[in-house]
Amino acid sequence: MSALAALKMVKVPPNSASMEEARKQTLEFFKMACRSLPSVMEIYNLDDVVTVSQLRSTISAQIRKNAHIANPKVIDLLLFKATEELSNIVTHSKQRHHVIGQYVLGHEGGGLTQDMGTKDQGISEFLKQFYTSNYF
């Protein structure tokens, strides 16, 4: 069964009654996302940019980023948003550069690589101080 067919059969999980149930649903989502990675790699032709294991690590990092949340309702909301995002990716609702920019190049710390400040190389010391002091 293809990942698209599997996603069509997946319904939004019911509200979690406890943290244990929310944890179980999170693990189920992670498994579903990992199973869909080969078809995502094929749909977006990502073989030359990233490997399946690197994308799996990115998904894992996104899930671990919210590990501190202790409210099952908030976890359910995040799972709903994640399921919608996965559905949009698998149904090809995003373009290739969106997927690469968000999950490969690093969007707010979630990707595999980070921009190491190359855009500030040609700026004078005065402007660097100005920008850091005037941005909140």
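About the thresholds
Residues numbered from 1 in each chain as written. Predicted model: local features only at pLDDT ≥ 70, side-chain atom pairs only at ≥ 80, totals over all residues. Heavy atoms only, no water. Helix = DSSP H or I, 4+ residues; strand = E, 2+ residues; numbered from the N terminus. Expected span 1.5 Å × (residues − 1). Bend = angle between axes of the 7 residues up to and from the residue. Axes fitted to C-alpha atoms, helices over the stretch in contact; angles between N-to-C directions. Parallel < 35°, antiparallel > 145°, perpendicular 65-115°, else oblique. Left-handed = near helix turned anticlockwise from the far one by under 90°. Contact = heavy atoms within 4.5 Å. Nonpolar A, V, L, I, M, F, W, Y, C, P; charged D, E, K, R; others polar. Salt bridge = Lys/Arg side-chain N within 4 Å of Asp/Glu carboxyl O. Buried < 20%, exposed > 50% of the residue type's maximum accessible area, 1.4 Å probe, protein only. Core = buried A, V, L, I, M, F, W, Y, C linked by side-chain atoms within 4.5 Å.

(A) Local environment of helix α2 (residues 19-44). Spanning 26 residues, α2 covers 35 Å between terminal C-alpha atoms, matching the ideal 38 Å at 1.5 Å per step. At Leu37, α2 shows its strongest bend, of approximately 40°, with the proline Pro38 following within four residues. Two residues or fewer after α2 comes Asn45, characterised by a positive phi angle close to 50°.

(B) Region of the structure containing the packing of α2 against helix α4 (residues 72-90). One way to put it is that α2 packs onto α4 with a least axis distance of 10 Å and a crossing angle of 15°. By the angle between their directions, the pair α2 and α4 is classed as roughly parallel. Our pair here, α2 against α4, has a crossing hand that is left-handed. Note on element contacts: α4 touches α2 through Pro72, Ile75, Asp76, Leu79, Ala82, Thr83, Leu86, Asn88, Ile89 and Val90, opposite Met19, Ala22, Gln25, Thr26, Phe29, Met32, Ala33, Ser36, Val40, Ile43 and Tyr44. Its residues placed into classes, the contact of α2 with α4 shows 15 nonpolar, five polar and one charged.

(C) Broad picture of the pattern of salt bridges. Tallied over the full model, the rule gives four salt bridges. A salt bridge links Lys94 to Glu85; the shortest N-O distance between them is 2.7 Å. Look at Glu85 and you get partly exposed, because its relative accessible area is 22%.

(D) Summary view of the nonpolar core. By size, the foremost hydrophobic cluster in this structure holds 22 residues, and its most contacted members are Phe29, Val40, Tyr44, Leu46, Val50, Leu55 and Leu86. Those elements that place two or more of their residues in this core are α2, α3 (52-65), α4 and α5 (96-104). Sorting elements by how many residues they give to this core places α2 first, with eight residues.

Don't take any of this as a statement about function, it's just geometry.
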